[in-house]
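# Structure assessment
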Amino acid sequence: MPDKARKEILKPLDIEEISPGAFDGEWFGSGEPLGVISPIDGKPIATVTQASEEDYERVAAAAYDAFLEWRAIPAPKRGEIVRLIGNALREKKELLGKLVTLEMGKILAEGEGEVQEMIDVCDFAVGLSRQLYGLTLKSERPDHRMMEQWHPLGPIGVISAFNFPVAVWAWNFAVAAVCGDATIWKPSSKVPLTAIASTKIAAEVLKENGVPGAVASLVIGRGKDVGERLINDPRVRLVSFTGSTVMGKRVGEVVGARLGKTILELGGNNAVIVSDRCNITNALQTVLFGAVGTAGQRCTSTRRVIIQEKAFEEFVGKLVGTYQQVKIGNPLDDGVLVGPVIDTACVEAYFAAIEACKKEGGELLYGGAAYADAPFDSGTYVVPTIMEAENRYDIVQRETFAPILYVMPYSTIEEAVALHNGVPQGLSSAIFTDDVYEAEYFVSDRGSDCGIANVNIGTSGAEIGGAFGGEKETGGGRESGSDSWKQYMFRQTNTISWAKEIHLAQGIKFEL
Ligand code: NAD
């Protein structure tokens, strides 16, 4: 990729060649340097001086102090500041979207789409800032009043995965901010520059409004030191973790042991059921987007397609046809639908999964190779792959974070749902059908066991207004829309007596 493109993206976003990786209102960092590589061409973009464990302490202390100040500001005023951050993101949407592409490798439309998600969640949070409703309750005692209020929780930790380098922080930050919490963000070390750029955008607005910058704190550092500090820190009342199930289990254990709260957003193994009674064209287009979009590196990527046996051959044949037309290449270029995967470790996982599937009896129908016409010699371009497989295969039971799709037939809808649910994960799910029974069965209490279940819509590309997350090994967390905000606050039940005498609950008499 031309150096010109790098300059055109980095400079206007104020990313220096060597950037400090900790922010508590000031930028600093005394840890080891971290070279940032673009998956597009395998070449360095910039260097970040990571936060050391001592730097983490400084950031966490500042975030705690910032929280004490921030929580005292009325919620609608906090909302106004989030509105201004949303506007600042609007101004930088194109640039920040390009940086997402440069650093993570998703195509430009998806990079910009991610920034749009940040803007959307800011808008959502602004409205929420006037709707942090509690309840009033009827007391059993005369002249008493009961109510529930929601109070700010404290500084919260946000640990994010590489594949949504900015949106996941925004989901947490914007909602937490209107709730009165400061946020300490530890992004993936694979994508630190987008975190620095996003924090700079937010920090400028905070500064202009006389708010401590540590409301949007940042620590870039290794999971095993800075990440561990954060999850073990009793000041951090809630850790919102997005990442693999393996790491999520570790976070759940550590935070659980200190009785902190977690939101765990972990791996998925998402399937689409394709009925013989559906609009096949729509199903094909949607499965394609779900399976090859973001080069198969979304938590909601379609990994399995369960197809009614009468439609199996036709659907798979057409799917192979659509895969053949997908343009793979430089994600900064127009018309490209699939860019590189994040790194060569991901390529190794891709080949290992294909081999494992073949060993278990699976058949390679398309792909299974490095992309021969890759625009750069980075070793990160692969051909999206389709394999016929059985649901019970060990490899099909696991999430491989690469563009591999397993197809399998079913006979009855009940069998399809059993196959669908027969994996350890439970994030996103979909059915394509025009049959009311099948559609309703899928979303009923006997249907999909996932946190997200769609009809005639794919598994990936959720809107921010709904609660986002999944069940089983996906962790059970919900963030972003609906009433997810309640997790960023604590509930307080108040009983207020205006009676002239004492009344104990349950009519107990306790008199001298
Ligand atoms: P990962 O688990 O390798 O890393 C996630 C984060 O955990 C990174 O910031 C990493 O630095 C941090 N980390 C590592 N060790 C840590 C420790 N000991 N303590 C604290 N933090 C630590 O995941 P990844 O490869 O970046 O992302 C891909 C995974 O994330 C996939 O499994 C994907 O499904 C999942 N994901 C889930 C969602 C969701 O909403 N459910 C969204 C995006 C990604």
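Residues numbered from 1 in each chain as written. Predicted model: local features only at pLDDT ≥ 70, side-chain atom pairs only at ≥ 80, totals over all residues. Heavy atoms only, no water.

### Digging into the overall build of the protein chain
Looking only at helices and strands, the protein chain features 15 helices and 24 strands. Over its C-alpha trace the protein chain gives a radius of gyration of 24 Å, about what one expects of a compact globule, namely 24 Å for 512 residues. Expressed as lengths along the three principal axes of its C-alpha atoms, the size of the protein chain is roughly 85 × 55 × 35 Å. A total of 512 residues make up the protein chain; the buried ones form 56% of that total. Within the protein chain, contacts between residues at least 6 apart in sequence are counted, and of these 74% link residues at least 24 apart. In the form shown here, the protein chain has an accessible surface area of approximately 21200 Å², with 52% of it arising from carbon and sulfur atoms. (Helix = DSSP H or I, 4+ residues; strand = E, 2+ residues; numbered from the N terminus. Rg over C-alpha atoms; globule rule 2.2 N^0.38 Å. Buried < 20%, exposed > 50% of the residue type's maximum accessible area, 1.4 Å probe, protein only. Contact = heavy atoms within 4.5 Å. Areas by Shrake-Rupley, 256 points an atom, 1.4 Å probe, with all protein chains shown as cover.)

### So, the sheet that holds strand β10 (residues 216-219)
The strand order across the open sheet built from 7 strands is β3-β2-β10-β9-β8-β11-β12, with neighbouring strands paired in mixed fashion. Strands at the two margins of the open sheet, each flanked by one partner only, are β3 (27-28) and β12 (261-265). Relative to β12, strand β11 (residues 238-242) is paired through 5 bridges, and the arrangement is parallel. What sits directly across from Val239, in β12, is Thr262. Contacting β2 (22-23), β3, β9 (183-186) and β10, helix α2 (residues 53-70) runs over the sheet at an angle of about 170° to β10. Along the sheet, helix α7 (residues 192-208) makes contact with β2, β3, β9 and β10, crossing β10 at roughly 155°. (Pairing = 2+ DSSP bridges. Axes fitted to C-alpha atoms, helices over the stretch in contact; angles between N-to-C directions.)

### What to know about the side chain of Ser429
By the secondary structure assignment, Ser429 is in strand β19 (residues 428-432). Accessibility expressed as a relative area gives 0% for Ser429, which makes it buried. Here Ser448 takes part through its side chain, which lies 2.8 Å from a polar atom of the side chain of Ser429. Side-chain polar atoms of Ser429 contact the backbone oxygen of Ile452, separated by 2.8 Å. Sequence-distant contacts of Ser429, defined by excluding residues within four places in its chain, comprise Ala271, His420, Phe442, Ser448, Cys450, Ile452, Ala453, Asn454 and Thr459. (Polar contact = N/O pair within 3.5 Å; in protein donor to acceptor, adjacent residues only side chain to side chain.)

### Notes on the pattern of salt bridges
Tallied over the entire structure, the rule returns 28 salt bridges. The closest approach of N and O atoms between Asp343 and Lys190, which form a salt bridge, is 3.7 Å. Pair noted here: Asp343 is in the loop between α11 (309-325) and α12 (344-359) and Lys190 is in the loop between β9 and α7, with a separation of 153 residues, a long-range link. Note on Asp343: relative accessible area 22%, which makes it partly exposed. Lys190 sits in the partly exposed class, given a relative accessible area of 39%. Notably, a salt bridge pairs Arg277 with Glu438, separated by 3.2 Å at the nearest N-O pair. You can see Arg277 sitting in the loop between β13 (270-274) and α10 (280-292) and its partner Glu438 sitting in helix α15 (residues 436-443), a full 161 residues away along the chain. Its relative accessible area of 4% is what places Glu438 among the buried residues. (Salt bridge = Lys/Arg side-chain N within 4 Å of Asp/Glu carboxyl O.)

### Here's the deal with unusual backbone geometry
Within the chain, Asn456 stands out as a residue other than glycine whose phi angle is a positive 60°. Tracing the backbone shows Asn456 in the loop between β20 (452-455) and β21 (467-468). Although it is not a glycine, Ser480 sits at a positive phi angle of roughly 80°. Here Ser480 lies in strand β23 (residues 479-480). Classification of Ser480 by relative accessible area gives buried; the value is 2%.

### Focus on the site of the ligand
Contacts to the ligand come from 26 residues, most closely from Ser160, Glu228, Ser244, Leu266 and Glu399. With respect to the ligand, the side chain of Glu228 contributes an N or O atom lying 2.7 Å from a nitrogen atom. With respect to the ligand, the backbone of Gly243 contributes an N or O atom lying 3.4 Å from an oxygen atom. Its free accessible area being 860 Å², the ligand has 89% of it covered by the protein chains. Elements represented by at least two residues in the shell around the ligand include exactly α8 (223-232) and β11. For the shell around the ligand, the element with the highest residue contribution is α8, accounting for 4 residues. Broken down by class, the residue content of the shell around the ligand amounts to 12 nonpolar, 10 polar and 4 charged. (Near = heavy atom within 4 Å. Nonpolar A, V, L, I, M, F, W, Y, C, P; charged D, E, K, R; others polar.)

### Concerning the domain arrangement of the protein chain
When the domains of the protein chain are assigned, the result is domain 1 (3-266 + 475-492) and domain 2 (270-464). Counting residues at the interface gives 26 residues for domain 1, matched by 25 residues for domain 2. Of the roughly 2000 Å² buried where domain 1 meets domain 2, counting both sides, 66% is carbon and sulfur surface. At the boundary of domain 1 with domain 2, the tally comes to 2 salt bridges. Our count for the contact surface shared by domain 1 and domain 2 stands at 8 residue pairs in polar contact (both at pLDDT 80 or more). For the side of domain 1 that touches domain 2, the elements supplying multiple residues, two or more each, are α4 (93-104) and α5 (108-128). (Domains from an automatic or database assignment. Buried area = accessible area lost by both parts, 1.4 Å probe.)

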